[in-house]
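# Notes for the structure review
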Amino acid sequence: MSRYVIERDLPGAGDLDDRALHDLSARSNEVLAGLDDISWVESYVTDDKLFCVYDAADPALIEEHASRGGFPCDRISEVRSTISPETGH
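Along each chain, numbering runs from 1 in the same order as the chain's sequence is written. Where local features are concerned, this predicted model is filtered to residues with pLDDT of at least 70; where side-chain atom pairs are given and counted, the filter is 80 or more; whole-chain, interface and lining totals use all residues. Calculation of side-chain values draws on the structure's entire complement of heavy atoms; hydrogens and water are dropped beforehand.

## Here's the deal with the packing of helix α1 (residues 18–33) against helix α2 (residues 59–69)
Every axis in this analysis is a line fitted to C-alpha atoms, fitted for helices over the stretch in contact. Angles between the N-to-C directions lie between 0 and 180 degrees. Every helix listed is a DSSP run of H or I at least four residues long, and every strand listed is a run of E at least two residues long, numbered separately from the N terminus. In contact at an axis separation of 9 Å, α1 and α2 are set at 120° when each is read in the N-to-C sense. On the basis of the axis angle, α1 is oblique to α2. Here α1 runs over α2; the crossing is right-handed. Listed contacts from α2 to R27, S28, V31 and L32 of α1 are H65, R68 and G69. Amino acid classes used here: Ala, Val, Leu, Ile, Met, Phe, Trp, Tyr, Cys and Pro are nonpolar; Asp, Glu, Lys and Arg are charged; the rest, including Gly, are polar. Each residue belonging to the contact of α1 with α2 can be placed in one class, and the counts come to two nonpolar, three polar and two charged. An angle counts as roughly parallel when it lies under 35 degrees, as roughly antiparallel when it exceeds 145, as roughly perpendicular when it falls between 65 and 115, and as oblique in every other case. By convention, the crossing between two helices is left-handed when the near helix turns anticlockwise from the far helix through less than a right angle, and right-handed when the turn is clockwise. Throughout, a residue-residue contact means that at least one pair of heavy atoms, one from each residue, lies within 4.5 Å.

As structure tokens, this is what we get:
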């Protein structure tokens, strides 16, 4: 499986309360339960976007997850490598 970062345009995302974030996460989990070879790692919520990290066998699975869940899926980028402050030591 490869790792992907998914950009989801969601105006007002930063204003979502705990209940709305719970419900969004629960819906995602429900859809993921019906799919193989895909898993959600974590997501970052900004003012108007979600940046989601997924492991998947194919980007088409990410698109299928978005379609089934009714989630925006504006860009899928495969992670080629990672760096951190330790990389520069």
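From this point on, the discussion continues.
## Re the sheet that holds strand β1 (residues 2–9)
An order of β2-β3-β1-β4 is seen for the four strands of this open sheet, with the pairing classed as antiparallel. In this open sheet, the two strands that pair with only one neighbour each are β2 (38–45) and β4 (75–78). Within this sheet the neighbouring strands show an average axis-to-axis angle of 25°, counted without direction. At least two DSSP bridges between two strands are needed for those strands to be called paired. Taken together, the eight bridges between β1 and strand β3 (residues 49–56) define a ladder with antiparallel strand orientation. Considered in β3, the bridge of V5 is made with V53. Sheet strands in contact with α1 are β2 and β3, and its direction is about 165° off that of β2. Each of β1, β2, β3 and β4 touches α2; the most contacted strand, β1, lies at about 35° to it.

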